[in-house]
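# Topology and contacts: notes
In case you want the letters, here they are:
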Amino acid sequence: RLRGFARQLGQLFDGAERAAAAARHWEAQWTASFRHVLEQRQDHDYASVSYEVELRDLRQALAASEARAAELAREAQGLREAARAGAEGAQRREAEHRAA
């Protein structure tokens with residue numbers, strides 16, 4: 001009877017060791033999975049921040065480009081008006097010269 005009890009006790013101990021090994025295995029699996037998810041999240045967050053920074057920079061560049069385009073359009077309009085005024089003045093002087 002004592003041998004049977006010792007055998008059962010040994011089997012229980014072996015089962016407990018296997019359960020502990022399985023628990024360590026699944027804990028390691030869970031830890032690796034959790035770490036992987038955290039790394040992916042961090043990569044996603046970095047990509048998101050980089051995207052937002054790049055988008056902000058592009059918007060600023062676009063605004064600066066639009067402002068420069070508007071400035072050049074105003075300058076071109078001013079030059080057209082000046083050329084028109086100069087041409088009109090030259091025509092007026094020519095007409096006055098002919099009339100005289």
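Description of the structure in this document. (Residues numbered from 1 in each chain as written. Predicted model: local features only at pLDDT ≥ 70, side-chain atom pairs only at ≥ 80, totals over all residues. Heavy atoms only, no water.)

## Quick word on the overall build of the protein chain
Looking only at helices and strands, the protein chain has one helix and zero strands in total. The C-alpha atoms of the protein chain give 43 Å as radius of gyration, which overshoots the globular expectation for 100 residues (13 Å, by more than 25%). With the principal axes as the frame, the protein chain shows a C-alpha extent of 145 × 10 × 5 Å. Carbon and sulfur atoms make up 58% of the accessible area of the protein chain, which amounts to about 9200 Å² in all. Within the protein chain, the 16 negative side-chain charges are centred at a point lying 9 Å from the centre of the 16 positive side-chain charges. (Helix = DSSP H or I, 4+ residues; strand = E, 2+ residues; numbered from the N terminus. Rg over C-alpha atoms; globule rule 2.2 N^0.38 Å. Areas by Shrake-Rupley, 256 points an atom, 1.4 Å probe, with all protein chains shown as cover. Lys, Arg positive; Asp, Glu negative; His and termini not counted. Charge placed at Lys NZ, Arg CZ, Asp CG, Glu CD.)

## Side note on the packing of aromatic side chains
Under the criterion given, the structure shown has one aromatic pair. A ring pair is formed by W30 and F34, whose centres lie 5.0 Å apart and whose planes are at 10 degrees; its orientation type is stacked. Of this pair, W30 and F34 both sit in helix 1 (residues 2-99), four residues apart, which is roughly one turn of the helix. Taking relative accessible area as the criterion, W30 reaches 55% and is therefore assigned exposed. (Phe/Tyr/Trp six-rings, centres within 6.5 Å; stacked < 30°, edge-to-face > 60°. Buried < 20%, exposed > 50% of the residue type's maximum accessible area, 1.4 Å probe, protein only.)

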